[in-house]
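Remarks on the overall topology
What follows is the residue order along each chain.
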Amino acid sequence: MDKCKPIIRKGTSSLCLAIAALGGMGAATAQERAEGEVVREARPSQSVENVLREEHALFSDRLTIEPGINYSYSDRSQLALRGFLALDAIFLGEINVDTVQSHITTFDINTRYGLTDRLEVGLGLPFVYRSSTYQSIGDEFSTERNSEASVSEADIGDISLSLSYRLLPETLTRPDVVVSLGVRAPTGTDPYGIALREDPNTNLNIPDELPTGNGVWGVSLGASVLKTLDPAIVFANLGYTYNFEESFDDISASDGAQPGDVKLGDTIRLGMGTAFALNERLSLSLSYSHEYIRQSETTQNGVTNKVVGSEANVGVFNIGGTYALSEDVSVVTSFGFGLTDDASDISLTFRMPFQI
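The written sequence of each chain sets the order in which its residues are numbered from 1. Local features in this predicted model are restricted to residues of pLDDT 70 or higher, and side-chain atom pairs are both shown and tallied only at a pLDDT of 80 or more, whereas totals for entire chains, interfaces and linings draw on every residue. Side-chain metrics in this entry use all non-hydrogen atoms of the structure; hydrogen atoms and water are not considered.

**Considerations on the pattern of salt bridges**
By salt bridge we mean one thing: a side-chain nitrogen of Lys or Arg within 4 Å of a carboxyl oxygen of Asp or Glu. A complete count under the given rule lists ten salt bridges for this structure. The salt bridge partner of R112 is E66, with a shortest N-O separation of 3.6 Å. Here R112, found in strand β2 (residues 94–114), pairs with E66, found in strand β1 (residues 64–82); they are 46 residues apart in sequence, far enough to count as distant. The network of salt bridges with common partners includes E66, D108, R112 and R351. What counts as a helix is a DSSP run of H or I of at least four residues, what counts as a strand is a run of E of at least two, and both are numbered from the N terminus.

Here you go:
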């Protein structure tokens, strides 16, 4: 326990693992102890590395490859939509249905590499499969029979590139502070110009296909903080995503091309939580994330109109856990509960990061 003395007061030995893992258990110099900076000479325990990787930034000098799968389900009842909604449920034209059940499965590979002990670069490559089922009264035009129709789509999603920079290292009195810059490219199937078709013998109008991307470029700025507190690790993040206005040959669901410009609403996001490094291999986390999506706009023939219903609040409570299979491979799981009407009802995530 001698190596914990520079950063842990008497009676807090239970936190030795978490603090030493976050700050490193190497011997501190007299100058570093005088300045109160947490030393980072030794490699953190695998459980805390997982917390850093998922909630903050690891800044490892080894390449991290993180394949994963995310599944989300949402059930919307009594919908009467005009125009389009971005994000998880994107509709064009007029859709009058009683229930929409949406399943979205995303397979992705994220890679991260620490260029220095302060700078990290990341790349995200998603593949999206989504399926939506529409239900309404009116099968065979009866007022007592339900009609149902399904649409599915599989394609690459929007690719993202990010840079993270450690602005301030953790000390005894201040948290670790990291700022980030991200760019999202519109590589997925965009939601504009998708035609609606009428399902035979029903009153359902459903889209021909489903989008796998937003269709516009986006730039994100963010900051995250992480601090070791006996006996937990606490973290928080704040971010803003700006979506660029783009022109499209057709933004209508009706017959005949209707060109126009689309300005998706910008997103403000906030998250906070805590994690516990239970031992060298296992950690548990609880967190809450919230996104506010501003109202979108369309411009046709010089006239700009707001898209009614495109403003959204997405709040999700997450329970997660990580387990290190070895020094190079870990398993990360997370279960999310939607707490607002605009959030998915449930989401499940499974990831397996490994370093080479």
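Read on for the rest.
**Concerning the sheet that holds strand β12 (residues 260–263)**
One key point about sheets: their strands pair by backbone hydrogen bonds, in either a parallel or an antiparallel sense. Strand pairing is assigned whenever DSSP detects at least two bridges linking the two strands. On the basis of which strands lie adjacent, the open sheet formed by four strands has the order β11-β12-β15-β16 and antiparallel pairing. This sheet does not close on itself; its edge strands, each paired only once, are β11 (246–248) and β16 (303–306). The mean angle between the axes of side-by-side strands here comes to 25°, regardless of whether they run parallel or antiparallel. When strand β15 (residues 297–300) meets β16, the two strands line up antiparallel, connected through four bridges. Bridged to E297 within β16 is K306. Under this scheme, a helix contributes an axis fitted over its contacting stretch, all axes are lines through C-alpha atoms, and angles between N-to-C directions fall in the 0 to 180 degree range.

**Some details on the nonpolar core**
If you look at the biggest cluster of nonpolar residues, it comprises seven residues: V100, Y134, A149, V151, L204, I206 and L210. Contacts are assigned to residue pairs with any non-hydrogen atoms lying within 4.5 Å of each other. Residues in contact with L210, not counting those within four places in the same chain, are R130, S131, S132, Y134, V151, S152, E153 and T189. Think of a nonpolar core as a cluster: buried Ala, Val, Leu, Ile, Met, Phe, Trp, Tyr and Cys residues, connected wherever their side-chain atoms sit within 4.5 Å. Three exposure classes are used, based on accessible area relative to the maximum for each residue type with a 1.4 Å probe and protein chains only: buried under 20%, partly exposed in between, and exposed over 50%.

**A few points about the confidence of the model for the chain**
Low pLDDT means the predicted coordinates in that region are not meant to be read closely. As a per-residue measure, pLDDT tells how confident the predictor is, with possible values from 0 to 100. Summarising the model, the chain shows a mean pLDDT of 80, and 75% of its residues fall at 70 or more. Contacts from residues 1–43, a stretch scored under 50 in pLDDT, to residues over four places away or in other chains number 78 contacts. In this model, residues 78–95 is a region of pLDDT below 50 whose contacts with residues beyond four sequence positions or in other chains number 61 contacts.

**Looking at the environment of S147**
Summarising the element assignment, S147 is placed in strand β4 (residues 146–156). In this structure S147 comes out as buried when scored by relative accessible area, which is 1%. Distance from S147 to L204, taken between C-alpha atoms, is 7.7 Å for residues 57 residues apart in sequence.

**Topic: the packing of aromatic side chains**
Given two aromatic rings, their pairing is described by the distance between the two centres and the angle made by the two planes. Whether two aromatic rings pair depends on their centres lying within 6.5 Å, for rings of Phe, Tyr and Trp, where Trp uses its six-membered ring; planes under 30 degrees apart make the pair stacked, over 60 edge-to-face, and the rest tilted. With the rule as written, the count across this model stands at three aromatic pairs. Between Y192 and F248 the ring centres are 4.4 Å apart and the planes differ by 45°, which places this aromatic pair in the tilted class. Highlighted residues: Y192 in the loop between β6 (176–184) and β7 (196–198) and F248 in strand β11, separated in sequence by 56 residues. The burial state of Y192 is the same as that of F248; both residues are buried. For a lysine, the NZ atom is tested; for an arginine, the CZ atom; a charge sits over a ring if that atom is within 6 Å of the ring centre and within 35 degrees of the ring normal. Positioned above the aromatic ring of Y242 is the side chain of K263, whose terminal nitrogen or guanidinium carbon lies 4.8 Å from the ring centre.

**Let's talk about the environment of V234**
Tracing the backbone through its elements, the reader meets V234 in strand β10 (residues 232–243). Exposure remark for V234: the relative accessible area of 28% places this residue in the partly exposed category. Ignoring any residue separated from it by four or fewer positions in sequence, one finds V234 in contact with V225, L226, K227, L229, G273 and T274.

**Comments concerning a nonpolar patch on the surface**
Patch criteria: residues need more than 30% relative accessible area and no salt bridge. Like-charged residues are merged within 9 Å; nonpolar side chains of Val, Leu, Ile, Met, Phe, Trp and Tyr are merged within 5 Å. In these tables, accessible area is a Shrake-Rupley quantity obtained with a 1.4 Å probe, and a residue counts as shielded only by the protein chains included in the view. A surface patch of nonpolar side chains, about 790 Å² in accessible area, is lined by V183, W217, L238, Y240, Y242, F244, I268, L270 and M272. Structurally, Y240 is set in strand β10.

**Some remarks on the pairing of strand β13 (residues 267–277)**
Pairing between β10 and β13: nine bridges, direction antiparallel. The partner of L238 across the bridge, within β13, is L270. Of the strand pairs in this sheet, β13 and strand β14 (residues 282–293) are connected by eleven bridges, and their pairing is antiparallel. Each bridged residue has a counterpart across the sheet, and for T274 the counterpart in β14 is L286. A loop of four residues connects β13 with β14, the two strands running antiparallel in sequence.

**Re the pairing of strand β18 (residues 330–338)**
When strand β17 (residues 312–324) meets β18, the two strands line up antiparallel, connected through nine bridges. What sits directly across from F317, in β18, is F337. The turn linking β17 back onto β18 is made up of five residues. Bridge count between β18 and strand β19 (residues 346–351): six bridges; the pairing is antiparallel. Residue pairing for β19: F337 is matched across the bridge by I346.

**A few points about the side chain of E170**
Within the element layout of this structure, E170 appears in the loop between β5 (160–168) and β6. Exposure remark for E170: the relative accessible area of 3% places this residue in the buried category. Within polar-contact distance, the side chain of E170 engages the backbone nitrogen of T228 at 3.1 Å. Contacts described as polar in this section are N or O atom pairs within 3.5 Å, which, within protein, must combine one atom able to donate a hydrogen with one able to accept it, while residues neighboring in sequence count only if both atoms come from side chains.

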